[in-house]
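Survey of secondary and tertiary structure
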Amino acid sequence: GDHVEFDVGPEIDALSAKVHLSGTVISTGDLHNHYHDPKVVGVCWTIKLDEKPVTVVIQSYSVSFAERAQYEQANVDLDAYDLIIVKQGYIYPRLKELAKFSVMSLTDGATNQRTEKIQYRTILRPMYPIDEI
């Protein structure tokens, strides 16, 4: 029930600039690594953002949410939401199984999988997709 204000984003470059958010904490929970690792590695806060129909899960440590058990341990009820967006560079199979429909959006950033957009400095030529082979 606490109202919080915080910044998210590592601010490494223009694509990762900090964003200021505010909202109400609706739950807290444990943060676990995936693959059924019992070790608690941090804390999660689920926050309903002010003036937006959006709820975010903020983690104290960077871990990919890849399994339903991680959401349950974080006290996030996946079934309470119509749309779930996960920022990762990969759709984990167990996470994909939970969805009736899933989309992987290739976006710029730290996990850029659009290889033709990566600014290569030193590569062995020829290299696909940079060069026509």
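Look above for the structure.
Structural notes, computed from the coordinates. Owing to the predicted nature of the structure, the values given are computational and were not obtained by experimental measurement. (Residues numbered from 1 in each chain as written. Predicted model: local features only at pLDDT ≥ 70, side-chain atom pairs only at ≥ 80, totals over all residues. Heavy atoms only, no water.)

Turning next to the sheet that holds strand S1 (residues 3–8). Here four strands make up an open sheet; going across it, the order is S1-S2-S3-S4 and the pairing antiparallel. Two strands lie at the open edges of the sheet, namely S1 and strand S4 (55–59), each paired on one side alone. Between one strand axis and the next, the sheet turns through 50° on average, direction left out of account. Here nine bridges tie strand S2 (residues 19–32) to strand S3 (residues 40–49), and the two strands are oriented antiparallel to one another. Each residue of the ladder has a partner; that of Ser27, found in S3, is Thr46. (Pairing = 2+ DSSP bridges. Helix = DSSP H or I, 4+ residues; strand = E, 2+ residues; numbered from the N terminus. Axes fitted to C-alpha atoms, helices over the stretch in contact; angles between N-to-C directions.)

This brings us to the nonpolar core. Leu31, Cys44, Val63, Phe65, Ala66, Tyr71, Ala74, Val76, Leu78, Tyr92 and Leu95 form the largest nonpolar core, which has eleven residues in total. Residue contacts for Val63: discarding those within four places in its chain leaves Leu31, His32, Asn33, Val41 and Gln70. Of all hydrophobic cores here, the second largest spans six residues; its members include Leu21, Val25, Ile47 and Leu49. (Core = buried A, V, L, I, M, F, W, Y, C linked by side-chain atoms within 4.5 Å. Buried < 20%, exposed > 50% of the residue type's maximum accessible area, 1.4 Å probe, protein only. Contact = heavy atoms within 4.5 Å.)

Counted according to the given criterion, the structure contains one aromatic pair. A ring pair is formed by Phe65 and Tyr71, whose centres lie 4.8 Å apart and whose planes are at 80°; its orientation type is edge-to-face. Just as Phe65 is buried, Tyr71 falls in that class too. (Phe/Tyr/Trp six-rings, centres within 6.5 Å; stacked < 30°, edge-to-face > 60°.)

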